[in-house]
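An overview of the molecular structure
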6 protein chains.
Amino acid sequence: MKLKRLLITGAAGGLGRLARARLGHVAETIRLSDLSEMEPAGPNEEVMRCDLGDFDAVRAVVDGCDGILHLGGVSVENTFDAIRNGNLTGLYNTYEAARQTGCKRILFASSNHAIGFHTRETKLDADAAFAPDSLYGVSKVFGEAVALLYHDKFGIETARVRIGSCFPEPKDHRMLATWLSPDDFVRLVEAVFRAPRLGCPVIYGASANAETWWDNSAAGYVGWVPQDSSEPFRAKLDAAMTPPAPGDPVNRYQGGAFAASGHFED
Amino acid sequence: MKLKRLLITGAAGGLGRLARARLGHVAETIRLSDLSEMEPAGPNEEVMRCDLGDFDAVRAVVDGCDGILHLGGVSVENTFDAIRNGNLTGLYNTYEAARQTGCKRILFASSNHAIGFHTRETKLDADAAFAPDSLYGVSKVFGEAVALLYHDKFGIETARVRIGSCFPEPKDHRMLATWLSPDDFVRLVEAVFRAPRLGCPVIYGASANAETWWDNSAAGYVGWVPQDSSEPFRAKLDAAMTPPAPGDPVNRYQGGAFAASGHFED
Amino acid sequence: MKLKRLLITGAAGGLGRLARARLGHVAETIRLSDLSEMEPAGPNEEVMRCDLGDFDAVRAVVDGCDGILHLGGVSVENTFDAIRNGNLTGLYNTYEAARQTGCKRILFASSNHAIGFHTRETKLDADAAFAPDSLYGVSKVFGEAVALLYHDKFGIETARVRIGSCFPEPKDHRMLATWLSPDDFVRLVEAVFRAPRLGCPVIYGASANAETWWDNSAAGYVGWVPQDSSEPFRAKLDAAMTPPAPGDPVNRYQGGAFAASGHFED
Amino acid sequence: MKLKRLLITGAAGGLGRLARARLGHVAETIRLSDLSEMEPAGPNEEVMRCDLGDFDAVRAVVDGCDGILHLGGVSVENTFDAIRNGNLTGLYNTYEAARQTGCKRILFASSNHAIGFHTRETKLDADAAFAPDSLYGVSKVFGEAVALLYHDKFGIETARVRIGSCFPEPKDHRMLATWLSPDDFVRLVEAVFRAPRLGCPVIYGASANAETWWDNSAAGYVGWVPQDSSEPFRAKLDAAMTPPAPGDPVNRYQGGAFAASGHFED
Amino acid sequence: MKLKRLLITGAAGGLGRLARARLGHVAETIRLSDLSEMEPAGPNEEVMRCDLGDFDAVRAVVDGCDGILHLGGVSVENTFDAIRNGNLTGLYNTYEAARQTGCKRILFASSNHAIGFHTRETKLDADAAFAPDSLYGVSKVFGEAVALLYHDKFGIETARVRIGSCFPEPKDHRMLATWLSPDDFVRLVEAVFRAPRLGCPVIYGASANAETWWDNSAAGYVGWVPQDSSEPFRAKLDAAMTPPAPGDPVNRYQGGAFAASGHFED
Amino acid sequence: MKLKRLLITGAAGGLGRLARARLGHVAETIRLSDLSEMEPAGPNEEVMRCDLGDFDAVRAVVDGCDGILHLGGVSVENTFDAIRNGNLTGLYNTYEAARQTGCKRILFASSNHAIGFHTRETKLDADAAFAPDSLYGVSKVFGEAVALLYHDKFGIETARVRIGSCFPEPKDHRMLATWLSPDDFVRLVEAVFRAPRLGCPVIYGASANAETWWDNSAAGYVGWVPQDSSEPFRAKLDAAMTPPAPGDPVNRYQGGAFAASGHFED
């Protein structure tokens, strides 16, 4: 079930570099793309710089790939103009290029900020209503909608992964709930490109943490079972920083500071 | 509860002209806006042409209004560029202008094409998952997400109305289910701007038709009770045209031809 | 949308005679079938006696029909042998004949006894779990399962109508909830054979009674809206008979005496 | 199905006097009870003063009745001591007396304040979680729990009616949603004491208003169909008073001022 | 809690031989029955050949047993005649014999093919609607309905176990999701006959596999917790065979080839 | 996140003594309160006797505490008078004192008897309807309602823990499902007072037993993951006692003997 060529967009970012380092075995060739400069191509690698907002460039990058790990675009709150180029136009360009070139399977890095205005005591599953906490979150709702349209109309399968916080270890108390270990991320990508039938599931990208806001049972058919937990890092975090007080608005919503803070332009 | 000034965007279109003709009593002044030319202002009217894609122009149009009936933008499937300008950028501009100028209540003309890839035998309520049947439908999902963000973060209330088919009478057999009579549309706008508390509900814009795919019970607090039915037009339709055969794909999805047809650029 | 030839099975029974008298306009030809003797064929009618347990006979009866109103088989509790012939084998024969001859739409007279062991205070909709109250009720669960299989595998559409009590007027207090007026039955058959897309819905066959245990909202797309109510008959019933006392087990379950009584062979 | 003797507690209050005036036909004898003085007994009436907090007195009042319309106790927010006597002890005394004397059916006037902390845009049905907006609301949750215990353990049937606002006409804008017309109240009591099987349903006591927060479909088997609507009173209300502004906290919760206001003792 | 005598029907089949080899400790005597020849009786065993379609024979086999492990009947798609004898008549005969002889607890080997027309991305729990993928699957729906009737009416408790694929190890990629390890099967039978209260649950018979379509949480009270996983067999399977391509219809439905293939008689 | 002063009510009871012995690290000072005599205060302990029915006494005990572990009151079925003093008045006094003194977080020991009239085959989650099996159970419903009111109106957070059976090991077969190990209880208290945001969740207090009736997934954000299981004690229990026969009413309801037995006063 090895792919011929996997495209990784956003390959110069944090997740992109992790994917590049750890996922070479998923395809015969890994094609790396980003707006920023990347390390030169290694064995079985191709490096192609590309602005996601430029359809012709995106089409060239997508052409020849039978899988896409779509990590590209803006990854935090930003101006509408920046988000429009990377996450609206860029997202559309990626799917339209996949349609035109026959690519049939995509892992789309959506975000927990698509549902970040739910309170923390709300357990979310794949049917949860969207509740974006930012323009960035709105752009991820848009991406999930495009992915579903291209699934229903053209048969392109997408794992819509609402990534929590993928770092070597949790960096604050909120991440005790949202942490996705690099190993669990790698296992997730493997499962998505291995599944006999992917469909268009919503998957929450978090490890098997003790604190949990999300329920992935609807995506059990994909076969991803996270193995790690943030709990062993709790004592270290407690020693390193004071958590926000119970009444702090940052604790109220799943999106944390994204939801608690005002508008980007403010 | 009369508004000071109601802005009607898309005032040159079909719904816009209906609103202009019938809803003058809702506000002391009606401000009419469109990219196209409109009839000259009558008593208590203001006419201002505006491209929704131009933020400064939108801000000027929104300024001074305490209610918006947002009918503007592209209203059928189109190229991504056209949809982006009118329905992505234009939608964002409208909400951002409302935030900056203090407008607190909007009726956003979303569309049944935001959920058009559900089959007809699926009864949808306000919690139904989005299932856009077109790029146009995707843009309406985007608009509903922006509206919710501006509600949750800034307290702007929006009725997200998934309009079915608002015409003097149903024009084909599908509209027996989707028809929204002009009178029911008028009653809906009245109820939305009269409600003591609007929140951010999803409302399906259809009359009390015998064939029905949609359940508005979650929005019962708004107080809109449609009074009309498409049923009296059935015989006339049967006489005028042959309905699609049972096996015709146009019958399969709620979005009808939008869902059954291929991509706009094809 | 007039059918070419509608087959009515069980045409010698109560519902069958009603259908014969009232539904001639639904098809160019009405074919009437029963194990028992029937009135001679009138204009546009065909009469064919048939044992549903005999596949070849059933195939001959079904051949040439583009719609079936399947009222045939055993209609009350009986021995397993009797039920097996009419409602298991006979049901299978009907669907298999439809598949072989290309008939694509069926109204299957299922029964409230398929769900009769639910208590009366349980509101049932189309997703309610089966709860047969008798071997007869089990046979209707079987029929609904066959109908669904032939829909999912072969595209034959069936309205699975769980008929309450179809009589000129309610005959006891339980029927205040279960009564299906003859006029509403006629409207239901018309709607089922007129619907642009039928699928395989479960529909509860009851009028718009004040006492109600059933919710047909999931089948709203079929366009059947019952018009009658049992309420005007309440006083007459109260005068004619004493209703069962509140503690009487016959009041406990929706199936009434079917659920409260022991086994047929007892 | 006429009762032998119906006890009406709280007979000196507003609902109690309404019941006395309109429900004489429900039983051969009406027994009226209250802590306060009542009009002298008319034909077929018995008048017995009683403190609900005194078990022996309550037992004497309940003895000999085969139905209870329990309107007694405190009916608005009050001190815990007052609520404890009337609505905790008094409620328990009523059910325990019913158990000891063999009374099998009760209509308990619970209140919308048992669920008053739900927001108005939350549609509630019989399964809605309790959300009391006051100590008074807590006492109604307690009463509903006692009623259910006595149903499950001793077979006493209760209609737990969460009464909205029962007055000759709506008195403020909130009552456009919560109004229960006197005629609909009378019809409800009739239906509750007539039903062949009552069980222990939750029923929202509101008329068929255009603005609605509540869904009674689960109790459809009781056969109560409200006939009136608050809508005709809207214009009169609009003329008589200014409704609370959209941002007023009194609009936020279903309980209105009960939820928006602080603690009784404050 | 050891049974006096456990009847195992279908004892000559694969599951039957496994049960015979591993479950001797569940009862003082094990009675083995099949239409086919079986190994001679060992210590504490009784061997009785029997056609399930013959009521008198079934009654004799059931008589004296206080538990039945009902594995008999047709176990794959077949003609309607074959399925009718083994799985309709035979199933009825087994329950009717249990009723007549006083046997109160049964484990009925239903099948995932009773719900095989659900897509793989549909997570099913005990409330899932039936969706048979074959006549065989219809017969299992029938069996589940008979079991429920005999529970509700006569108090016979049944675990309705929708068995996935019980083999020493998974034999193809679909079984990565459906595999039930022999050890987990043994633990399941033990739990079913040990439970203080069984009721009539639906249980999906699959191990704790990484790929999973089924949710057994509703049956948690039975106390069966599967211990095994198919995951360790994945590499071996990958090496041994090419899995079906993503677009292969066999991947679409849970029933696999049963759902994807046409009618048995075709 | 260490508390300044944790009040433990009911400190002389079984759970109270366990909490005293094991939870000293949760706060700088532990204040112990009970109606009965307690062991003298150790280091960092304060001992204050108090009748929960006496508001002034309760206020004095609560004053100065920033957390309450509320174990006090009647803990089994009793007369209404006893329950009223400890569990109605006493509960109210505790919350009102917390409000007046500014205490913001409480763990309230509710009970499985608040939902004990659900059958064992009903899986309950945090949304389950109350179903008290006793006056004691009713008092716990009351307590949960007060806790929610004080959360919604005054921002006091409560974990409403429906404790199963907290003993060193399960004492009968029912406890195989309801057992809460002392270690898991300790972990639960730690999690409740550590959570960045507690809200007002319902949590079922049971260990990770194989037999389970309860689903705590909605409270996953609290971060409590029970580690123990009753299963290792099964063989010992089987050897020590005969479990109730399957038909025994004590097996029918989750509340066991509380639900199966009659009224306390009987």
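Refer to the structure printed above.
Now for a description of the structure that goes with this document. (Residues numbered from 1 in each chain as written. Chains lettered and ligands numbered in written order. Predicted model: local features only at pLDDT ≥ 70, side-chain atom pairs only at ≥ 80, totals over all residues. Heavy atoms only, no water.)

**Overview of the overall build of chain A**
A tally of helices and strands in chain A yields eight helices and nine strands. Seen along its three principal axes, the alpha-carbon backbone of chain A occupies a region of about 50 × 40 × 35 Å. Taking all 266 residues of chain A together, the buried fraction comes to 61%. Of the contacts formed within chain A by residues at least 6 apart in sequence, a portion of 68% connects residues at least 24 apart. Summing over all exposed atoms, chain A offers an accessible surface of approximately 9200 Å²; the carbon and sulfur share of this is 51%. For chain A, the separation between the mean place of its 27 positive charges and that of its 34 negative charges on side chains is 5 Å. (Helix = DSSP H or I, 4+ residues; strand = E, 2+ residues; numbered from the N terminus. Buried < 20%, exposed > 50% of the residue type's maximum accessible area, 1.4 Å probe, protein only. Contact = heavy atoms within 4.5 Å. Areas by Shrake-Rupley, 256 points an atom, 1.4 Å probe, with all protein chains shown as cover. Lys, Arg positive; Asp, Glu negative; His and termini not counted. Charge placed at Lys NZ, Arg CZ, Asp CG, Glu CD.)

**Focus on the interface of chain D and chain B**
Across the boundary between the two partners, chain D contributes 14 residues, which contact 14 residues of chain B. Between chain D and chain B, a total of about 1300 Å² is buried, with carbon and sulfur atoms accounting for 53% of that surface. Glu-121 of chain D is paired through a salt bridge with Arg-197 of chain B; the nearest N and O atoms lie 2.7 Å apart. Taken together, the residues of the side of chain D that touches chain B break down into four nonpolar, three polar and seven charged. (Buried area = accessible area lost by both parts, 1.4 Å probe. Salt bridge = Lys/Arg side-chain N within 4 Å of Asp/Glu carboxyl O. Nonpolar A, V, L, I, M, F, W, Y, C, P; charged D, E, K, R; others polar.)

**A short note on unusual backbone geometry**
Residues and elements named next belong to chain C. With phi around 65°, Asn-44 is a residue other than glycine that occupies positive phi space. Inspection of the secondary structure puts Asn-44 in the loop between β2 (27-34) and β3 (45-49). The class for Asn-44 is exposed, based on a relative accessible area of 54%.

**Observations regarding the interface of chain A and chain B**
Taken together, the contact between chain A and chain B spans 34 residues of the former and 34 residues of the latter. Counting each side, the surface lost to burial between chain A and chain B is near 2800 Å², with a carbon and sulfur contribution of 72%. Per-residue buried area on chain A facing chain B is highest for Tyr-92, Phe-130 and Lys-153 of chain A; these three make up 21% of the total on that side. Counting the contacts that link chain A with chain B gives eight residue pairs in polar contact (both at pLDDT 80 or more). At the level of elements, α3 (80-101), α4 (135-154) and α8 (257-260) of chain A are the ones that each hand at least two residues to the side of chain A that touches chain B. Looking at side-chain class alone, the side of chain A that touches chain B contains 19 nonpolar, five polar and 10 charged residues. (Polar contact = N/O pair within 3.5 Å; in protein donor to acceptor, adjacent residues only side chain to side chain.)

**What to know about the relation of the copies chain A and chain B**
Rotating chain A by 180° about the axis while translating it 0.0 Å along that axis superimposes it on chain B, leaving an RMSD of 0.0 Å. Both copies of the chain, as the preceding transformation shows, are related through a two-fold rotation axis. The position closest to the rotation axis in chain A is occupied by the C-alpha of Phe-142 of chain A, lying 2.7 Å away. The fraction of interface residues of chain A whose copies in chain B are also interface residues reaches 100%, indicating that both copies meet through the same surface. (Least-squares fit on C-alpha atoms with pLDDT ≥ 70 in both.)

**Quick look at the sheet that holds strand β6 (residues 157-163) of chain D**
All names here are of chain D. The sheet built from seven strands is open, its strands ordered β3-β2-β1-β4-β5-β6-β9 with parallel pairing. This sheet does not close on itself; its edge strands, each paired only once, are β3 (45-49) and β9 (202-205). Taking the axes of each pair of neighbouring strands and ignoring which way they run, one obtains an average angle of 20° across the sheet. In terms of strand pairing, strand β1 (residues 3-9) meets strand β4 (residues 67-70) through four bridges, oriented parallel. (Pairing = 2+ DSSP bridges. Axes fitted to C-alpha atoms, helices over the stretch in contact; angles between N-to-C directions.)

**Some points on the arrangement of the chains**
Chain E makes no contact with chain B, the minimum C-alpha separation between the two being 15 Å. Kept free of each other, chain C and chain F leave a smallest C-alpha distance of 15 Å between them.

**Considerations on the sheet that holds strand β6 (residues 157-163) of chain E**
Residues and elements named next belong to chain E. A sheet is described by the order of its strands in space; here seven strands give the open sequence β3-β2-β1-β4-β5-β6-β7, paired in parallel fashion. Looking along the sheet, the strands with just one partner apiece sit at the ends: β3 (45-49) and β7 (202-205). Going across the sheet, the axis of each strand differs from the next one's by a mean of 20°, ignoring polarity. With five bridges connecting them, strand β2 (residues 27-34) and β3 associate as parallel partners. The residue bridging Leu-32 from the neighbouring strand is Val-47, located in β3.

**Details of the packing of aromatic side chains**
The description of two aromatic rings rests on the distance between their centres and on the angle between their planes. Inspection of every chain in the model, using the stated rule, returns 54 aromatic pairs over all chains. Judged by centre distance (6.3 Å) and plane angle (90°), the rings of Phe-142 of chain A and Phe-142 of chain B are edge-to-face. One end of the pair, Phe-142 of chain A, is in helix α4; the other, Phe-142 of chain B, is in helix α4 (residues 135-154), on a second chain. Accessibility classification places Phe-142 of chain A together with Phe-142 of chain B in one group, the buried group. Where Trp-179 of chain E meets Phe-233 of chain E, the ring centres are 5.3 Å apart and the plane angle is 70°; that geometry is what we call edge-to-face. Of this pair, Trp-179 of chain E sits in the loop between α5 (175-178) and α6 (182-194) while Phe-233 of chain E sits in the loop between β7 and α7 (234-240); the two residues are 54 residues apart in sequence, bridging distant segments of the chain. For Trp-179 of chain E, a relative accessible area of 4% gives the class buried. (Phe/Tyr/Trp six-rings, centres within 6.5 Å; stacked < 30°, edge-to-face > 60°.)

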